[in-house]
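Inside the fold
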Amino acid sequence: MSELAADKEKPRIEANGGKRWFAAGGALGAILASSCCILPLILISLGVSGAWIGSLTALEAYKPVFIGIAAVFIAGGFWHVYFRKAEPCEDGTACARPDSARLTKAALWISTILVLLAATIDFWAPLFY
């Protein structure tokens, strides 16, 4: 009987974990995509300087790859959060708490904004120089 209950719990945990993995992958991809351009601009705006900031521009060649990877993870995350049929949750389980879903959605939207900013930095960055 307990094995049957454990088998029923597995897909729910994996489905909920899939949302988190896609959100985490999208956030990591967004940070990597923005590390060559947006991160140095923010650091310089905050007064942080140093020769090591110039080394971040070496990642410019990898920006399209990072944007592509982030876009795949973000698209998968949005599909899991907004379009996939939700599995029923029992009271007291992790998927029944709205805080985890809210955090996942916030991570996806922030990642999307960061990737869009990184992809369009050539258009808006000259406004800050």
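Quick summary incoming for the structure in this document. (Residues numbered from 1 in each chain as written. Predicted model: local features only at pLDDT ≥ 70, side-chain atom pairs only at ≥ 80, totals over all residues. Heavy atoms only, no water.)

**Some points on the overall build of the protein**
The test is simple: Note on conventions: DSSP H or I runs of at least 4 residues are helices, E runs of at least 2 residues are strands, and numbering of each starts at the N terminus. Relative accessibility decides the category of a residue: with a 1.4 Å probe and only protein chains considered, values under 20% of the type maximum give buried, values over 50% give exposed, and everything between is partly exposed. Contact definition: two residues touch when any of their heavy atoms are within 4.5 Å. Throughout, the Shrake-Rupley method with a 1.4 Å probe supplies accessible areas, and for residues the shown protein chains are the sole cover considered.
Counting secondary structure elements, the protein contains 6 helices and 0 strands. Helices and strands in the protein line up, N terminus first, as α-α-α-α-α-α. Within the protein, buried positions represent 33% of all 129 residues. Sequence-distant contacts, at least 24 apart, represent 80% of the contacts inside the protein between residues at least 6 apart. Summed over its atoms, the accessible surface of the protein is roughly 8,700 Å², and 70% of this surface lies on carbon and sulfur atoms.

**Topic: helix α4 (residues 63-83)**
Quick note on the threshold: Any helix carries an expected span of 1.5 Å times its number of residues minus one.
Its 21 residues place the ends of α4 28 Å apart at the C-alpha level, agreeing with the 30 Å of an ideal helix rising 1.5 Å per residue. Here α4 has its buried residues at K63, F66, I67, A70, I74, G76, G77, F78, H80 and V81.

**Some thoughts on the pattern of salt bridges**
Inclusion rule: Counted as salt bridges are all cases of a side-chain nitrogen of Lys or Arg within 4 Å of a carboxyl oxygen of Asp or Glu.
Under the counting rule described, the total for this entry stands at 1 salt bridge. With a shortest N-O distance of 3.6 Å, E60 and K63 are connected by a salt bridge. Classification of E60 by relative accessible area gives partly exposed; the value is 36%.

**Some details on the nonpolar core**
To be explicit about the condition: As used here, the term nonpolar core means buried Ala, Val, Leu, Ile, Met, Phe, Trp, Tyr and Cys residues forming a set that is joined through side-chain atoms within 4.5 Å.
Residues A33, I38, I74, L108, V115, I121 and W124 are the most contacted members of the largest nonpolar core, which totals 19 residues. Sorting elements by how many residues they give to this core places α4 first, with 6 residues. Ignoring anything within four residues of it in the chain, the contact list for A33 reads K63, F66, I67 and A118.

**Focus on the side chain of K63**
Along the chain, K63 turns up in helix α4. Overall, the relative accessible area of 8% leaves K63 in the buried class.

**Looking at the packing of aromatic side chains**
Our working rule: Only Phe, Tyr and Trp rings are paired, with Trp represented by its six-membered ring, and only when their centres lie within 6.5 Å; those with planes under 30 degrees apart are stacked, over 60 edge-to-face, the remainder tilted.
Evaluation of the coordinates by the stated rule reveals 4 aromatic pairs. Ring geometry for Y62 against F66: centres 6.4 Å apart, planes inclined by 40°, an arrangement best described as tilted. Judged by its relative accessible area of 48%, Y62 falls in the partly exposed class. Within the aromatic cluster, the residues linked to one another by ring pairs are F78, Y82 and W109.

**Describing the environment of L56**
Turning to its location among the elements, L56 is positioned in the loop between α3 (51-55) and α4. Taking the C-alpha atoms as reference points, L56 and P40, 16 residues apart in sequence, are found 7.2 Å from one another. With sequence-adjacent residues up to four places away left out, L56 is seen in contact with S35, C36, L39 and P40.

**A look at a nonpolar patch on the surface**
Note the cut-off: Patches here: salt-bridge-free residues with over 30% relative accessible area, like charges joined within 9 Å, nonpolar side chains (Val, Leu, Ile, Met, Phe, Trp, Tyr) joined within 5 Å.
A cluster of nonpolar side chains, contributed by I42, L46, V48 and W52, occupies part of the molecular surface with about 410 Å² of accessible area. One can find I42 in helix α2 (residues 38-45). According to the relative accessible area criterion, I42 is partly exposed, its value standing at 42%.

**Re α2**
Within the span of α2, buried status applies to I38, P40, L41 and L43. Positive phi shows up at G47, right after α2, with a value of about 95°.

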